[in-house]
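Secondary and tertiary structure notes
The primary structure of each chain is shown beneath.
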There are 2 protein chains.
Amino acid sequence: MTPRTPGRTERRGRPERAGRTERPGRTGRRGGDSGTREAILDAARKRFAAHGYGGATIRGIAADAGVDPALVHHYFGTKERLFGAAVRLPVVPGELISSALAAGAGDPGSSLGEHLVLTALEAWDVAEIRDTFLGLLRSAATSEQALIMLREFVTEAIVGRLSAAAGTADPAQARYRAALVASQVVGLGIARQVLGLEPLAEAGRSELAAAVGPTLDRYLRGDLG
Amino acid sequence: MTPRTPGRTERRGRPERAGRTERPGRTGRRGGDSGTREAILDAARKRFAAHGYGGATIRGIAADAGVDPALVHHYFGTKERLFGAAVRLPVVPGELISSALAAGAGDPGSSLGEHLVLTALEAWDVAEIRDTFLGLLRSAATSEQALIMLREFVTEAIVGRLSAAAGTADPAQARYRAALVASQVVGLGIARQVLGLEPLAEAGRSELAAAVGPTLDRYLRGDLG
């Protein structure tokens, strides 16, 4: 609501890239703005932890932060973007998936699977991604609540979006196929970005997309045996 | 050395299954035995953490525990088995991979990839596997040393063994193919056993083996684009 986009662009000094999250604490020259943003993020972290990704609402988070829900929407847009900012994801996975699906559908030169792998590899190519992954793993391995929150987020924002691209009208089968895709992409992220497993960690993006893309294509639309 | 196998079987009261690790603290009716075993495991955990998987030696661990190296071999066999017991793996991944590769090579009815997936799924089918995985993730996400140790172990014991099955004479290419296999299997383990991602978590083993097996076959021996 109240989409004061020009004002936001002014503050950041550059246009936003699609799928990138807002970086808390790096924007806002006026103290009041960043104080409000931080209050919202604090409230969001507590609500997501206490109620899970599905159970937390923008309205509840706004109430805890003592602001109007419209202000939460103004600063963070969707619940998915707010979650991404709260757990310091450098990107919004669901938005990237949607744009990869749209781009892949219109490109006869490379497959949808290759598009998805390239999108993930590009999204991970930021300095802070390792710390983000380590932080998520640490939370999930330490707190059952954080694990449930992560499961809900992956289920809704990643598997949910991917299942739209599965070549089946059966929703359960579509989610199974999407979850297989998620398993390969999560494994690639852990092997490459967290564990630094060679020679996977140093492999080029296009080489990996050619190797792993057909796997995702088969999981989404191929014969599963 | 001094392979007193009958004595070991007596203590456990049942024959060992191939690939299963010794369970520290559950065997040994005599206090002296379990005290020595625990001292060795304590020394092993510290050495693996301080020197990494590659740098820790049975000789050094034995010296720290104040016992003869032959006793370490007697209780735990190989360094790989000792590591497995120290980090409480319910199985020894490298041994399972070797037996899956041997079984897969001789079975015309199902592919090597299917054998590998089934082997992993069966190995994970023990009550404590979730705690083991969570413990490994927590250590790796908390301590850089633990992360390096895990990377070395995966590189030597898992990628090293799998690369023998890759259809190439080029060692670097074989390791790349093996690392791709590891990425899918690790991702499947995290999605299914840690995150509990549905409907992957409730899928049957043979269904998953049919879906994921061909991926591993292609990574090991197929066209990578």
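None of the values given here were measured: they were computed from a predicted structure.

As a further point, take the interface of chain B and chain A. Across the boundary between the two partners, chain B contributes 46 residues, which contact 46 residues of chain A. The salt bridge partner of Arg 130 of chain B is Glu 144 of chain A, with a shortest N-O separation of 3.2 Å. Counting only elements with at least two residues in the side of chain B that touches chain A, the list comes to α8 (129-142), α9 (144-163), α10 (171-194) and α11 (205-221) of chain B. Counting residues per element, the side of chain B that touches chain A draws most heavily on α10 of chain B, at 14 residues. Of the residues belonging to the side of chain B that touches chain A, the class tally is 30 nonpolar, eight polar and eight charged.

Turning chain B through 180° and shifting it by 0.0 Å along the axis lays it on chain A, with an RMSD of 0.0 Å. Considering both components of the superposition, the chain copies are consistent with a two-fold axis. Of every C-alpha in chain B, the one belonging to Gly 187 of chain B sits nearest the axis of rotation, 1.8 Å from it. With an isologous cut-off of 70% or more, the 100% of interface residues of chain B that recur at the interface of chain A puts this contact in the isologous class.

Residue and element names in this part refer to chain A. Residues Glu 198 and Pro 199 are joined by a peptide bond in cis, for which omega reads 0°. Mapping Pro 199 onto the fold places it in the loop between α10 (171-194) and α11 (205-221). In this model, Arg 88 sits at a positive phi of 60°, which is unusual for a non-glycine residue. In this structure, Arg 88 sits in the loop between α5 (79-86) and α6 (93-105). Judged by its relative accessible area of 53%, Arg 88 is exposed.

What follows is about the nonpolar core. Ranked by size, the top nonpolar core spans 140 residues in total, and within it Phe 48, Leu 82 and Leu 180 of chain A together with Phe 48, Leu 82 and Leu 180 of chain B carry the most contacts. Beyond its immediate chain neighbours, meaning those up to four positions away, Leu 180 of chain B contacts Leu 200, Leu 208, Ala 211 and Val 212 of chain A together with Tyr 219 and Leu 224 of chain B.

As a further point, take the packing of α6 of chain A against helix α9 (residues 144-163) of chain A. Residue and element names in this part refer to chain A. Their axes nearest at 9 Å, the elements α6 and α9 cross at an angle of 5°. With respect to α9, the element α6 is oriented roughly parallel. Residues Pro 93, Gly 94, Glu 95, Ile 97, Ser 98 and Leu 101 of α6 pack against Phe 153, Ala 157, Ile 158, Arg 161 and Leu 162 of α9. The residue inventory of the contact of α6 with α9, partitioned by class, reads seven nonpolar, two polar and two charged.

All names here are of chain A. Summarising the model, chain A shows a mean pLDDT of 85, and 86% of its residues fall at 70 or more. Mean pLDDT across the elements of chain A bottoms out in helix α1 (residues 5-12) (37) and peaks in α11 (97). Throughout residues 1-16 the model reports pLDDT below 50, and contacts reaching past four residues in sequence, or to other chains, amount to 23 contacts. Here residues 22-31 is modelled with pLDDT under 50, and outside its nearest four sequence neighbours on either side it reaches 22 contacts, counting other chains as well. Interface confidence in the predicted complex, given as ipTM, is 0.82; pTM for the same model is 0.83.

So, how was this worked out
Residues numbered from 1 in each chain as written. Chains lettered and ligands numbered in written order. Predicted model: local features only at pLDDT ≥ 70, side-chain atom pairs only at ≥ 80, totals over all residues. Heavy atoms only, no water. Contact = heavy atoms within 4.5 Å. Salt bridge = Lys/Arg side-chain N within 4 Å of Asp/Glu carboxyl O. Helix = DSSP H or I, 4+ residues; strand = E, 2+ residues; numbered from the N terminus. Nonpolar A, V, L, I, M, F, W, Y, C, P; charged D, E, K, R; others polar. Least-squares fit on C-alpha atoms with pLDDT ≥ 70 in both. Buried < 20%, exposed > 50% of the residue type's maximum accessible area, 1.4 Å probe, protein only. Core = buried A, V, L, I, M, F, W, Y, C linked by side-chain atoms within 4.5 Å. Axes fitted to C-alpha atoms, helices over the stretch in contact; angles between N-to-C directions. Parallel < 35°, antiparallel > 145°, perpendicular 65-115°, else oblique. pLDDT = per-residue confidence, 0-100.

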